[in-house]
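Geometric and topological summary
Residue-level listing of the chains:
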Amino acid sequence: MLDAEKGFREEWYAQPLSKSGPVISMAVPSSYNDITQDKDLRDHIGWAWYDRLFYVPSRWQTDKQRVVLRLGSAHYNSIIYLNGHSLTSHEGGHLPIMADITTKLVYGKENLVTVAINNTLTPETIPQGTIVKHNDPSRYPPGYFAQSYNFDFTNYAGIHRPVYIYTTPQTFIDDILITTDINGANGVITYNVTHGNTMIGPSRSGEVGCSMKLLDNEGDHVTSAMGCQGTIEISNASLWWPYLMSENPGYMYTLLVAVSDADGNLDLYPQKVGIRTLGWNSTTLTINNKPLYLRGCGKHEDADIRGKGVDYALIVKDFSLLKWLGANSFRTSHYPYAEEIMDMADKEGIMIIDESPAVGLSGFDEALMNKHISVMQELVQRDKNRPSVIMWSVGNEPKSNEAAALNYFRDVVAATHTADPTRPVTCVLNLGKVVSATKSADPSRPVTCVLNKPKEKEYAASSLDVILVNRYYSWYGDTGHLEVIKMQTVTEFSEWHLLHNKPVMISEYGAGSLPGYHMDPAWTWSEEYQAELMIRNFEAFDELRSKGYFVGEMIWNFADFSTPQGHTRPGGNRKGIFTRSRQPKMAAHVLRYRYHNLANDTLTN
Ligand code: E9O
């Protein structure tokens, strides 16, 4: 039910929403925007309400079960009520929300869960946005406003991920932290299990103990251990390798964690474990001591009808396409993706640059920084045990030419390292570029490289472990001049390395194309232009690779995706190498040829 600022005053959460006004049938998980024919729903800014009546069995109460409500995510700001009472709230659209509801349920009877969500973005939210109020009564109706934001993908809203109710015993596994290492041919797993206790009625639980069973990927017993903390060493371990770097990529053991108390309560959790190490220095990223070259894509959670809603069929399709391409990685541009997607990445051996929702940030003050740090901590908390996650990205394209960015990124990166010392931290940059010649006297000719913006004006790079840069030569600059790509790309990325002495990679490059639109010689928006732009980039990447510090390339974007309406976005952002319905453009075939060749290169070298 859409709300024009009345819901809280009228206490819509106190009873089923249908008693407060007309309700819309809605699917969960899904974005609400593109499901119906209602333009107001598609373009809604502000509060929207969901509710659901449900039953829980009374046996859960007699069995003294602890009951938890979990939403994979709700976008952006959410307040959750249970049986008319406020339960919890969460800010931020892409990370899970959990609440213990044991004592708030009525067992064997009807319960009501109500979720109010608000998609408004402001300079204080991550990501940021601005509400533009139009006060001219001769041009706009009273109270007219619009939402704008500093990124190009649609700010889809809704309950995007599954909502579960699950039970545990009253003594339960609260968290598990896994780190892995290799020692010669042996694999080393270090674990730390924390447990909790919810008092349900009189409890006698005293001592709580933990025991571990390690199973291989076929479920066969490998070894066992006692204690809530410890280290397990496995001789001749099977390591977690990325796709096309081993016969058996994505190998995972299962650590069967058991926590039990004196009352005989037993909580079991099968924790997946991929054994691998990461390393990085001033030129190289390594996995299991082998140098890594990332061949991948920037992606989005985006599809027809469901918007950003989790779709199991789509997840399988996208991984099938990634493997068809020969990709070994992607970046979760520009927010944390669904856990179902991360599970597939672990299993298929696809490496992830795990990005926070901080896209296009500016105005770096302390309040924003504290919020940003909390988001990084939530993200690390959720994804810390995933072998696929090889790097944290604290954000994309910040306005890091603002001087305040220096201390801001130093502190956000440091806090991320504290939360997880085992992975490198990056931020995707696009400022401080080598701007090709000033507005030239002669716009009809291509211009070559002239530095006119020193990179010192970029304040985030110095805090990062790996430098990722988005660059669109011959698309956003020198449009139509494909011949300058190689020179400009080689110049720019060599400079980034020279200046910071760190590994560098290109995290976005590309061009829009309309499938079926052909022009030879290549012309902007044709499939030929997109493909040729990529080939010119490959020439630069190969030269950079030979210099020894260029660690990867990611095309922008895997698939065409939805954007707000605009005169530069014909039916959305068309930089996909696949269409939005996941059919290949010419570009996908070109990339496939390259990625499989690169995979063979890395295998044989
Ligand atoms: C972020 C990504 O989400 N990088 C953008 C991508 C794009 O296609 C967007 O989808 O626009 C590219 C940023 C390039 C900046 C160049 C600015 C030139 C303005 C005319």
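As a reminder, the structure under discussion sits directly above these lines.
The paragraphs below set out a description of the structure included in this document.

Parameters and conventions
- Residues numbered from 1 in each chain as written.
- Predicted model: local features only at pLDDT ≥ 70, side-chain atom pairs only at ≥ 80, totals over all residues.
- Heavy atoms only, no water.
- Helix = DSSP H or I, 4+ residues; strand = E, 2+ residues; numbered from the N terminus.
- Buried < 20%, exposed > 50% of the residue type's maximum accessible area, 1.4 Å probe, protein only.
- Disulfide = S-S within 2.5 Å.
- Near = heavy atom within 4 Å.
- Polar contact = N/O pair within 3.5 Å; in protein donor to acceptor, adjacent residues only side chain to side chain.
- Nonpolar A, V, L, I, M, F, W, Y, C, P; charged D, E, K, R; others polar.
- Patch = residues over 30% accessible without salt bridge, like charges linked within 9 Å, V, L, I, M, F, W, Y side chains within 5 Å.
- Areas by Shrake-Rupley, 256 points an atom, 1.4 Å probe, with all protein chains shown as cover.
- Salt bridge = Lys/Arg side-chain N within 4 Å of Asp/Glu carboxyl O.
- Pairing = 2+ DSSP bridges.
- Contact = heavy atoms within 4.5 Å.
- Axes fitted to C-alpha atoms, helices over the stretch in contact; angles between N-to-C directions.

1. Description of the environment of valine 115
You can see valine 115 is positioned in strand E6 (residues 110–118). Residue valine 115 is classed as buried on the basis of its relative accessible area, which comes to 5%. With 387 residues separating them in the primary sequence, valine 115 and lysine 502 have C-alpha atoms 45 Å apart.

2. A closer look at the state of the cysteines
Throughout the structure, instances matching the rule amount to one disulfide. Between the sulfur atoms of cysteine 210 and its disulfide mate cysteine 228 the distance is 2.0 Å. Because the torsion about its S-S bond is 85°, the bridge between cysteine 210 and cysteine 228 counts as right-handed. Separated by 18 residues along the polypeptide, cysteine 210 in strand E12 (residues 208–215) and cysteine 228 in the loop between strand E13 (221–226) and strand E14 (229–234) bring together distant segments of the chain. Classification of cysteine 228 by relative accessible area gives buried; the value is 15%.

3. Some words on unusual backbone geometry
Cis geometry marks the peptide bond from aspartate 520 to proline 521, where omega comes out at -5°. Mapped onto the fold, proline 521 is located in the loop between strand E26 (504–508) and helix H8 (527–547). Look at the link from tryptophan 556 to asparagine 557: it is a cis peptide, with omega at 5°. In this fold, asparagine 557 is placed in the loop between strand E27 (550–555) and helix H9 (586–604).

4. Quick notes on the site of the ligand
The immediate surroundings of the ligand are formed by 13 residues, with His334, Glu397, Tyr476, Glu508 and Lys575 found nearest. Here an oxygen atom of the ligand sits 2.6 Å away from a polar atom, N or O, in the side chain of histidine 334. Between the ligand and glutamate 397 there is a distance of 2.6 Å, counted from a nitrogen atom to a side-chain nitrogen or oxygen. Grouping the constituent residues of the shell around the ligand by class yields four nonpolar, four polar and five charged.

5. Some points on a nonpolar patch on the surface
A grouping of Met98, Tyr164, Tyr166 and Tyr312 is seen on the molecular surface, where their side chains present a nonpolar patch of about 420 Å² in accessible area. Here tyrosine 166 lies in strand E9 (residues 163–168). Residue class for tyrosine 166 comes out partly exposed when judged on its relative accessible area of 30%.

6. Observations regarding the sheet that holds strand E19 (residues 290–291)
Judged by pairing direction, the sheet is antiparallel, and its three strands sit side by side in the order E17-E18-E19 without closing on themselves. Only two strands of the sheet have a single partner each, and these edge strands are strand E17 (278–280) and E19. Bridging between E17 and strand E18 (residues 285–287) involves three bridges; their strand directions are antiparallel. Along E18, the bridge assignment pairs glycine 279 with threonine 286.

7. A look at the side chain of histidine 500
Tracing the backbone shows histidine 500 in helix H7 (residues 485–500). You can call histidine 500 buried: its relative accessible area is 18%. With near-sequence residues (within four places) excluded, histidine 500 lies in contact with Ala461, Ser462 and Ile467.

8. Details of the pattern of salt bridges
In this structure the tally under the stated criterion is 31 salt bridges. Across the pair arginine 161 and glutamate 301 runs a salt bridge whose closest N-O atoms are separated by 3.1 Å. Pair noted here: arginine 161 is in the loop between strand E8 (145–149) and E9 and glutamate 301 is in the loop between strand E20 (294–298) and helix H3 (312–325), with a separation of 140 residues, a long-range link. Here glutamate 543 and lysine 486 are joined by a salt bridge, their closest N and O atoms 3.5 Å apart. Linking glutamate 543 in helix H8 with lysine 486 in helix H7, this pair joins segments that are 57 residues apart in sequence. With relative accessibility at 31%, the residue lysine 486 sits in the partly exposed group. Through salt bridges with shared partners, one network takes in Asp343, Asp346, Arg382, Asp383 and Arg386.

9. Quick notes on the sheet that holds E27
Spatially, eight strands are ordered E20-E21-E22-E23-E24-E25-E26-E27 in a closed barrel, and the strand pairing comes out parallel. If you compare each strand with its neighbour and ignore which way they point, the axes differ by 25° on average. Inspection of the sheet shows strand E23 (residues 389–396) paired to strand E24 (residues 425–429) by three bridges, in the parallel sense. In the strand pairing of E24, tryptophan 392 is matched with valine 425. In this fold helix H5 (residues 366–383) packs onto strand E22 (351–355) and E23, with an angle of close to 160° to the strand it touches most, E23.

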